[in-house]
Amino acid sequence: MKKIIVLIICGVILSIYSCDDILDVEPVSSLVYGSFWRDAESAKVGMVGLHADMRSTHEALVLMGEVRSDLYGGVGFESPSSTNLIYQDIRVDNAPFGGWAGFYTKLQRINDAIKHIPGIDFTSSNDKDYLLGQVYGMRAFYYYTMLKTWGGVPLVTEPTESIDYNTLEKPRASEQEIMNQIKLDIEASLKAFGSQANFYNNKRTYWSKAASLILKGDVYIWSGVHLGGGVSDFQTAKSALEEVGTISGVNLLSKYADVFKYSNKNNNEVIFAFNYAVDDGATSPYFLWTARQVEISALYNSEGTAIGTSFQFSSTATNRYHPSSEALNTLFEDPLDERGNATWIRLFRNPDATQYAGAVTNKFLGTVISGIRQIIDDAPLYRYSDAILLLAETKNLLAQDPSPEINDIRERAYGTNYDASIHGYINQTKSLNTEAILKERFKEFQQEGKRWWDLRRAGDEYAIKQNNYLLPGDEYKLVLPITRDMIGRNPALIQTPGYGN
Amino acid sequence: MKLTIALTLACMFAAHAGSYSQGSKLNLSIPEASIVQVLKEIESQSGFYFFYNEEELKQQNSVALNVENKSIQQVLDLVLQNTGLTYRMIDRYILISKNEQAGQLPQQPKTVSGKVTDSSSVPLPGVSVVIKGTTTGTITDATGSYSLNHVPGDATLIFSFVGMRMEEVVVGGQPIISVVLEEETIGIEEVVAIGYGSLEKNRMTTSVSKVDVKRLENIPLSNVATALAGAIPGLRVQNTTGQPGATPTIVLRGGTSWQGGGTPLVLIDGIIGSFDAVSSQDIESIEVLKDAASTSIYGARAANGVIMITTKKGRKGDARISYSYTFGINEARKGYDYLNAEDYIRINRLGWQDYVELTGRTNFNTYIVNPAIGWTATGNIDNSIYTTQYLTSENEFLLDQGWKKMEDPLYGKTIAGMNFNNQYIIFQDNKMSELPYKTGNVNEHHLSVTGGGDKATYAAGIGYLKDEGTIHGSSYERLSGNINADYRITDNVKVSSIMNFTSSSRLNTYIGEGTIAQRIMGQPPTSRLYNSDGSINPGLSEGFGNPLYYADKFKQENLDQRLRTSLALEWNILSNLKLGVKGSYYNINSVDEAFNKAFMSGGNLNVTRQASAIYTRNQTFTGNAILDYFVTFKENHSIRAMIGSEYYTRNYFRFGASTKYSPTDLIPTLNVGSEASGVPYSLKNMDRMLSAFGRLNYDYKLKYLVQLNFRYDGSSKLADNKWGFFPGVSAGWNAHKEVFFKNAKLSKYVSSLKPRISYGVNGNVDDLTEFGVYGEYGLSPIYQSEKGYYLTSLPTLGLKWESSTTFDMGVDLGLFSDEVNLTAEYFIRDVKNKISNYDLPYWTGFSNIRTNIGTLRNKGFEVEINANIINHTGDGFKWNIGVIAHTAKNYVVKLPDNGLPNNRQGGTQIYNPKSGQVEWVGGLQEGKRVGLDLVYGHVQETLYNAQEQLDEDANVYDAYHFAENARERFLGNVKWLDVDKNDSIDYRDRVIIGRYTPQWMGGVTTSLSYKGFELYVKTDYAIGHTIHNENRARSLGQVQGSQNIITEVLDAWRPDHTDTDVPRFVFVDAFKDNGVRGINDRTNTRLLEKADYLCIREVTFSYNLPQKIIGKHLNSLKVYTSGTNLFYFTKYSGFAPEAGGTDGGRYPLPVSITFGVNVNF
C-alpha cells in the first residue's frame, strides 16, 4: 500500500511537469504580435487600419487648422467648445492636445507598417510600392501637422517593439530635423508611387500620389517661408502642385455645392477625404456644427422659411462651433458667390431674417436616413481647389502672376453669374496678392480646417493681424505649449518657448 | 493526467458495499492510538455516534486494536477494558462515561423531561443530557425530546452536542426543562474550511474569518455580498448602487492594485464562482481566508484573499422541511432639495445678468431667447418643453389652471442690448426631482428539505426572489435550486454531488444611473409634464427629459443562468489515508437584450428602434485529486498532510448582433429589424491553469501548531514565465493549554490565548487578458466598408507572476470563560513584480505598457471583538455586542528606474509652503504612500465682501478665469488661498485635503434576546476619507445651463446676504467658484466633503413562538421584521457616502422594510 501512495504522490507531481503543453493555448479570435504582417492581404488590411486611424484625428485637425483662427467666436445655440483656442487663451495650464494629440500612436502603427511591408511577398510589386507610397505620405502628413502645431517634436521613425526603461527620454528634434524627415518621406512616397497616380480602389478616401504631391506643395511653401528654404523651395512646391493638375480624374467641379453633396461622394475634385458611413464606429466632428432640432425649430432661414422639424437632426446633433461675424460677413459679402449658402445655413429669429441667431453647417449636413439626419459626408483633407490656390501662393512668392488660379476658383464660385470684369482678379503687388489669396481661401475652405495654416503660411504677421485675440507680442502663441504630463513622462522635453513653465 | 491516475485507482479499489446497524460487524486495525481516535475511527466506519468527556478519555493510555468481524459491543468491551469507563447505547448513540456507581444520592429525585432545539427551533436528536458531577444521563430522541429519571432537585443538567455550545441548567425542581443550544461560533470544536479541507479552529495558525450566516436569514438579499459590509475584519465592502442584484465592490486589506482594487477569489463549494445569483438561504457558511499562509493553497488566484461559500449539506435523520417567506417595501432615499420654479427662474435670470455684466461676454445672450432653456420666457408656447412665458392676455387663463405668476427679475432693465419690457412671467411648478423614483416591492420564498439515512443524506432547496428597485425600470428576479447529496457506496467510499441552478433576470434603470441622479433629477421645475391635449411632453431629450415619457422607452434586460455541478469521490484507502477526486463544471449563460422604442429626442422622433441581443457563455471545468493523511505518533504528535493537483480551463464565447428600424414598438426582438446595425460578431477566448499543491499540519499536544503549504501554478496567460511557486508557513501557540498558564492568576480572566504568526506567497495574473502578453493587433473601426487592423499593444513575453508575500501576526484571546473573544491582527503584504500599467512617454506610441512594475506594500491592522455581556441560560436573556475595525495603508516600495526622482510615475505638482518649492505629490513615488487616491484642491479662503479686499487683490492673476478677465473679480466671488503668495492662483496653489480611501472601516453589531424575542442591529462605518461631490458642484455651478439647482444656492452671496460661504451665483460658474477649476482638478475644498459615516444597515426584530402556541404539527415558527439601510450618521450632503470617490450622481440604496415568517415542519 505504501508503494501505491508514493506512486500516487509522484504521479500527481510529475504530471504537472509533463503537462506544460496544455498551457500553450492559441488565440482564436485575435491576432498576436508577429502573426500579422504575413502576406499581401494582411498588408492591405493594415493599410485600411491606418486610414481608419488617421480619420480619428479629424476633429483635432479641424481644431488645429481652423478653430484657432478668426473663423469662430460668433453666437450660437449652446455653449461654444474650444473657447481657449478661439480666444487664444493658450497657456500651459490649459495646454490643448495633451499627449501630442495621440499622433504618436498613429505614427507607431505607420512605422510598424513601413518596417514590415518591404519584407512581404506581393504578386505584383506595384501593389507593394503603392502601399509604401501611402504609408510614407501619411507619415509626412503627421509630422508636418505636428511641426506646424508644436514646432520641434521627438522624431521617431522606427516602431517601438520593446521598452528599454533606460532610453525612454527623448528630446524634441529641431524644426529643421523634422522638416528634413518630412521631405525625405515625401520623396520616398513619390518614388514608391512612381507612375501609379490612380486612386486605390478608385476611392479618394485612401492616400494617393496626388495627396503626396499636394502635401509636397504645402510643405515646401512652409519650409520656404518658415525655415529659410526660399525660392528653391517655392519652385519645388510649384512644380509639385502643377503635377497635381496633370493627374487624370482630378479637376474642379463646375458647381461649388456639388463638391460636398452626400450623393456626390468621391467626386473628381477630391484628392483625399476621410470616409464616414452609418455604423462605421466613427463620428464625424461636424455634428458639432449642427444643432438640436428643438433649439432651432422656432427659427427661420435666410429665405424667411420656418425651420420646424425640417432638418431631422438626431439627439446627438449639437451646436458648439459658431462662425464669427467676420467669417460670415466675408463669405456672404456678395450674394452671387454661391459659397456662402453652400457653407452655412444661417438662422434668424424673425421671418425677415434680420435677427441672426446662429448657423449650422450646410457643407457637411449629411443625409436623412429613416427620419434621422446622419452626419456622414466624406470630409476632404485636400481637394483640387486647394492645389490651385496653393499654386497661386507659390506663384506670388516667386513674383509671378497668381490671378489665373484665383480666377479659376472665383469663376467656379460664381457659376453662371461669373463676370470676369466684375469678379475677376487682376494681379497686384505681392502683399495685396497675398491678401487676395488669403481671402479667397477664407471663402473657399470654411469648416475644412485650413484657415489657421493659411494665415501662418502667409507669414506669422498675418496670423496676429487677422485675429482679434492675438496682439503683437503674442507670437509665441502661434506654436502650442505642451502639458506638464507630457514633460512628466519624458523630462527631456523642454516647454515651448514663451510659455514659462 | 493526474486526474486519470486518481480515477483509475479509485475504481480499482472500490470495495464491496456494506451497511452497519447495531448488529453490524467491524473490522479495525489500529496500531496505537488514543481512545478518542479509536472512537472517531469507529464513527467514520459505522453509523454510530459517541458522546464523551474528552478530558476523561485523554487521561487514558493509548490502545492498539486489531479486530475482525466483531460487533460494536465486543469492540467497545475490548477498548474500554481496564479504563474504568463504561458505555451505554441508545439506538446509534453511544455514551461513554466513568464507571462510577457511587455519588451522593439526590434528595428529592424527580423525573425531568424536555426538548432540545437549535437556535432556529429545529429539534436536535442525539444531544447528551447528563447530571453534572455524575455519569447519569441520556440522549435526546429523534424529536429532540428527553426524559431523565431520578434527578435530584439541586442537580444541574449539562446539555452537550457536537458543534453546539454546552449548556448547564439548574434543575431547581422544574419538571420540564427545554433548552436551545447555540451553534458554537468560538470554541474548541469549531471546524473551519481552509481550502481543500477543513481544520478545527484550535489547530488554526492562519488568518481566517467566518461570517455569521444566521444573519443572512432574516432579510431578503438580492446579492449576498451586500450583507458582508462591516462584517469581516479586513474586508471593505462598498455598495455602490441601489440596483437590485448588483454585486458590491469588495477589497481585502487595501487591495493589490495601485488603485487599491482587487476582488477576492470567490469559491462556492470549492468551485470558482461569484456572488451573482447566489441565494443566501442555501448558504451553510462563509469563510474569508486573508493571509497568504492560508490563501497560498489557492496559489496564483488568491492574492486578493479567498471567500469560501459552502452550501447546505444533508444531515442524517428524519426529513426536515423549512419554509420562509419575506415581504417588504423599498423606498427611495431622499436626495437633495431642489429650487421651486419661482426661485429657479429668478436665480438663473439674475445669474445670467451677472454673467453678462461681470464678464462682458455676450455668448449666452442666446439663452434668454432660446426656448430650450427652462428659465427663458420667450418661445415657450403650447406644447413646448418648458412652461415659462411672459404673461399676456392670451395666456392669462392659465393662471386659473394652477399656473403661477412672478415678476420678471429683469423687468425694466436693458442688458446686452436686450430690453425687458414684460413685467410678469407665468409658469408651472412641477417636482421633477421625484419623478424618476418609485416604490418597489420585495418578495422572497424559500423551501428546503434535508434529511438522510445511514447511507445517503441530502439537502435540497428552492427559492424565489423578486426585488423591485426604486428607479423606474430597475428590478431583479431570481429563481434558485440547490441539491446536495452524499451517498456511501461502501464503508470507505463515498460520492457527493452538488447541483445548483439559478436563473436571474435583471432590468436596468431606463437610463444611466448617474444621468438620473444628476440630470434627470435636475430637470427644471418649469418643465411641462403634459401637453394641452393631455399627452405627455417628453422634454428635451432622453438625457434631459421627462421620466413620465422616457421610463418605458428603453429596455435593458439581462438574463443570467448559472449551472454549477460537481461530482466527488472520497475513498478512505486506510483509516487515516483518504483520496478525493472531484470534477466540477460551472456554466454561465447570459443574454443581454436591449430595445429602444421610438422616442422623441431633441424635438425629433427617433424611429431607429435599435434592438440588440448578446449571448455570452462562460464555461469552466475544474478537476482535482487530493490525498489526505493523518497520523498521531507518540500520542502527542499529530500530523495531517494533504497533497493534490488541479486542472482548470475556461472557455468564453460571445455572440452579438443588433438591428435597427423595427417597424413597431411592440416587438423588441431582432427578428423584425429591417437592417443590421453594425456587424454581428462572435468571439472566443480561453485560458488554462495547471497546479499542484500540498499542506502539512503538525501539532504537539495541541499546544504548538505549525502549518506548511505550497502551490505550484502554471497559467496560459503568461508566455516565457508560465510557472510560479507559492509557499506558505505559519505557526501558533495555544498558550492556555500550558500548565503554567492554567496555574497563573491571569487564567481567571484570560480563558484562552493563542498568538500566531504566518508568512506566505501568492501569485496574481488577474490583470492580464488571455493573450495580452503576446501583443495584439486590434480591429480598427470600419473604413470605406472594410475593417482594418493595427498594433494595439506590445508583446511582453517576459512578464512574470506578480507575487504577494504576506507577513501576518495575530492573536486570539478569550476572556471570562470565552464570553469575550478578541482577535487582532497586523499584516504587511508586499506585492512584488506588480503587473500594472507603466506610463510611457507618448513618443513611444503607447501611453502605457503592462509590466512587472515594482513593489506595492499594504500595511494594516484588524480587530474583532465579540462580547456576551449578558448570557443567562434559563430565560435566554442575552446581550451580545460585536465590534470590527480595520485599517490598511498602501505604500510604494519600488518602481522601475526611469530617471525621475523617486522613479515617480504620474502625480501632480503643488507648492509646498514648508519647503518653499513646487513638489510632485500623488501618483506613485518610491518610498511614499500610494498617491492615486490623494485628494487636492483649491482652498476657498473667504468670499470677497468689501471693495478693499478686491483692490488688494487687483493684481492677482487667476489661471482658471477667461484670459481677458484673469485679473477681474467681484464681490461675492471666492477669494482663493494663494499658497505660494505669488499673486497667481494656479495649479501650484492646490492643497492636499485628504484621501478617497478611508482610514478606518468596520461595523458594530448587537443583539438582545429574551424568551424567544430577539432584537438585532447591524451597522457599518468608514471614517477618515473624502468625497468629491461633483453632483453638488455641477448643480451649484449651473454648468449645463438649464438644470435645476439644489437649494443651497438660496444661501449664495448677495449684496444683502453676505454672511455665507456659498459664492455668488453667476451663470455657468463663469468664475469657476464652484469647483470646475482646471480640466482635471475640478475641485474646490468646499466641495470636497468629509465622507465619514455610520449606517444603520439592519435592524431586525424576531420572535420564536413557544411550542405551546404553535402546537404539535410545527417544530418551530418564527416571525420577524427588518429595516435595512435605515439611516446614515454622516455630514456628507449627497446620497451615498459608502460609495466614496467622485460622486457624479448615484442610485442610492433603498430604505427597505420587510416582514417575514419561517416555519419548520
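The paragraphs below set out a description of the structure included in this document. (Residues numbered from 1 in each chain as written. Chains lettered and ligands numbered in written order. Predicted model: local features only at pLDDT ≥ 70, side-chain atom pairs only at ≥ 80, totals over all residues. Heavy atoms only, no water.)

Remarks on the overall build of chain B
Looking only at helices and strands, one finds 13 helices and 67 strands in chain B. Computed over C-alpha atoms, the radius of gyration of chain B comes to 35 Å, within 12% of the 32 Å expected from 2.2 N^0.38 for 1161 residues, which places it in the range of a compact globule. By principal-axis analysis of the C-alpha atoms, chain B measures approximately 115 × 70 × 70 Å. Buried residues in chain B amount to 56% of all 1161 residues. Counted over contacts in chain B with a minimum sequence separation of 6, partners at least 24 positions apart contribute 69%. A total accessible area of about 45,900 Å² is found for chain B, and carbon and sulfur atoms account for 54% of it. When the 111 basic and 119 acidic side-chain charges of chain B are each reduced to a single mean position, those positions are 5 Å apart. (Helix = DSSP H or I, 4+ residues; strand = E, 2+ residues; numbered from the N terminus. Rg over C-alpha atoms; globule rule 2.2 N^0.38 Å. Buried < 20%, exposed > 50% of the residue type's maximum accessible area, 1.4 Å probe, protein only. Contact = heavy atoms within 4.5 Å. Areas by Shrake-Rupley, 256 points an atom, 1.4 Å probe, with all protein chains shown as cover. Lys, Arg positive; Asp, Glu negative; His and termini not counted. Charge placed at Lys NZ, Arg CZ, Asp CG, Glu CD.)

Comments concerning the side chain of Asn1074(B)
Here Asn1074(B) shows up in the loop between helix H12 (1030–1037) and strand S64 (1088–1090). Sequence-distant contacts of Asn1074(B), defined by excluding residues within four places in its chain, comprise Ala1033(B), Leu1036(B), Gly1037(B), Pro1063(B), Asp1069(B), Asn1084(B), Arg1086(B) and Leu1087(B).

Considerations on the interface of chain A and chain B
In this complex, chain A contributes 98 residues to the contact, which on the side of chain B involves 99 residues. Carbon and sulfur atoms make up 64% of the area that chain A and chain B hide from each other, which totals about 8,500 Å². Applying the counting criterion to the chain A and chain B interface returns 3 salt bridges. A salt bridge links Lys660(B) to Asp279(A), with the nearest nitrogen and oxygen atoms 2.8 Å apart. Where chain A meets chain B, there are 35 residue pairs in polar contact (both at pLDDT 80 or more). With 10 residues, helix H1 (residues 2–18) of chain A is the single largest residue contributor to the side of chain A that touches chain B. Among the residues making up the side of chain A that touches chain B, the classes are represented as 44 nonpolar, 31 polar and 23 charged. Across 2 bridges, the pairing between strand S1 (residues 31–32) of chain A and strand S45 (residues 776–783) of chain B is antiparallel. Within S45(B), the residue paired with Val32(A) across the bridge is Glu776(B). (Buried area = accessible area lost by both parts, 1.4 Å probe. Salt bridge = Lys/Arg side-chain N within 4 Å of Asp/Glu carboxyl O. Polar contact = N/O pair within 3.5 Å; in protein donor to acceptor, adjacent residues only side chain to side chain. Nonpolar A, V, L, I, M, F, W, Y, C, P; charged D, E, K, R; others polar. Pairing = 2+ DSSP bridges.)

Quick look at the pairing of strand S21 (residues 306–311) of chain B
Residues and elements named next belong to chain B. Burial of S21 is extensive: 5 of the 6 residues sit out of reach of the surface. As paired strands, strand S18 (residues 265–268) and S21 are joined by 4 bridges and run parallel to one another. Across the sheet, the residue bridging to Ile268 is Ile309, located in S21. Pairing geometry for strand S20 (residues 283–289) and S21, over 6 bridges, is antiparallel. The partner of Ser285 across the bridge, within S21, is Thr310.

Remarks on unusual backbone geometry
All names here are of chain B. Of note, Asn833 is a non-glycine position whose phi angle comes to about 50°, a positive value. In this structure, Asn833 sits in the loop between strand S48 (820–832) and strand S49 (835–839). Exposure remark for Asn833: the relative accessible area of 28% places this residue in the partly exposed category.

Considerations on the sheet that holds S18(B)
Pairing is mixed across the open sheet formed by 5 strands, whose spatial order is S15-S20-S21-S18-S19 (chain B). The two strands at the open ends of the sheet, each matched to only one other strand, are strand S15 (208–211) and strand S19 (271–272) of chain B.

Quick notes on the sheet that holds strand S9 (residues 145–151) of chain B
Residue and element names in this part refer to chain B. Spatially, S9-S6-S12 is the arrangement adopted by the 3 strands of the open sheet, whose pairing is mixed. Each of the sheet's edge strands pairs with one partner strand only, and the pair in question is S9 and strand S12 (179–181). The sheet shows a mean angle of 35° between the axes of neighbouring strands, direction not considered. Bridging between strand S6 (residues 110–118) and S9 involves 5 bridges; their strand directions are antiparallel. Across the sheet, Gly114 pairs through a bridge with Tyr146, a residue of S9. (Axes fitted to C-alpha atoms, helices over the stretch in contact; angles between N-to-C directions.)

A word on the pattern of salt bridges
Residues and elements named next belong to chain A. For the structure on display, the rule yields 92 salt bridges over all chains. The partner of Glu269 in a salt bridge is Arg383, with the nearest N and O atoms 2.8 Å apart. One end of the pair, Glu269, is in the loop between helix H9 (230–246) and strand S2 (270–274); the other, Arg383, is in strand S8 (residues 379–383), with 114 residues separating them in the sequence. The class of Glu269 is buried, set by a relative accessible area of 0%.

As for helix H13 (residues 384–397) of chain A
With 14 residues, H13(A) extends 20 Å from end C-alpha to end C-alpha; this agrees with the ideal 20 Å at 1.5 Å per step. Within two residues after H13(A), Ala399(A) carries a phi angle of roughly 60°, on the positive side. (Expected span 1.5 Å × (residues − 1).)

Description of the packing of aromatic side chains
Residue and element names in this part refer to chain A. Taken as a whole, this structure holds 60 aromatic pairs over all chains when the rule is applied. The interplanar angle of 40° and the centroid separation of 6.0 Å between the aromatic rings of Tyr130 and Tyr200 together place this pair among those described as tilted. Within this pair, whereas Tyr130 is found in helix H6 (residues 125–150), its partner Tyr200 is found in the loop between helix H7 (175–193) and helix H8 (209–226), the two being separated by 70 residues in sequence. Considering the side-chain rings of Tyr414 and Tyr418, the 6.4 Å spacing of their centres and the 55° angle between planes classify their relative orientation as tilted. Each of the two residues, Tyr414 as well as Tyr418, counts as buried. Clustering of aromatic rings is evident, with ring pairs tying together Tyr72, Tyr256, Phe260, Tyr286, Trp289, Tyr321, Trp344 and Phe364. (Phe/Tyr/Trp six-rings, centres within 6.5 Å; stacked < 30°, edge-to-face > 60°.)

Overview of the nonpolar core
Ranked by internal contacts, the top residues of the largest apolar core, which has 146 residues, are Trp100(A), Trp150(A), Ile182(A) and Trp207(A). With 14 residues, H6(A) is the single largest residue contributor to this core. In contact with Ile182(A), not counting residues within four places along its chain, are Ala140(A), Tyr143(A), Tyr144(A), Leu147(A) and Val219(A). Grouped together as the second largest cluster of nonpolar side chains are 54 residues, Tyr338(B), Phe599(B), Ala1052(B) and Val1062(B) included. (Core = buried A, V, L, I, M, F, W, Y, C linked by side-chain atoms within 4.5 Å.)

Here we look at the side chain of Arg292(A)
Its location among the elements puts Arg292(A) in the loop between S2 and helix H10 (293–296). Leave out the neighbours within four places in its chain, and Arg292(A) touches Glu78(A), Ser315(A), Ala317(A), Thr318(A), Leu540(B) and Gly602(B).

So, the pairing of strand S52 (residues 878–894) of chain B
All names here are of chain B. Sheet topology places strand S51 (residues 855–871) next to S52; 16 bridges connect them, and they run antiparallel. Residue pairing across strands places Phe861 opposite Thr887, the latter belonging to S52. In this sheet, strand S61 (residues 1000–1010) lies alongside S52 in antiparallel orientation, the contact comprising 9 bridges. What sits directly across from His886, in S61, is Met1001.

Quick notes on helix H5 (residues 103–116) of chain A
In this model H5(A) runs 20 Å from its N-terminal to its C-terminal C-alpha over 14 residues, within 8% of the 20 Å that 1.5 Å per residue would give. Most of H5(A) is tucked away: 11 of the 14 residues are buried. Along H5(A), the residues that are buried comprise Phe103(A), Tyr104(A), Lys106(A), Leu107(A), Gln108(A), Arg109(A), Ile110(A), Asn111(A), Asp112(A), Ala113(A) and Ile114(A). Elements that come into contact with the buried residues of H5(A) comprise helix H2 (40–55), helix H3 (58–67) and H6 of chain A together with S45 and strand S46 (786–793) of chain B.

Interpretation note: all reported values are geometric properties and have no functional meaning in isolation.
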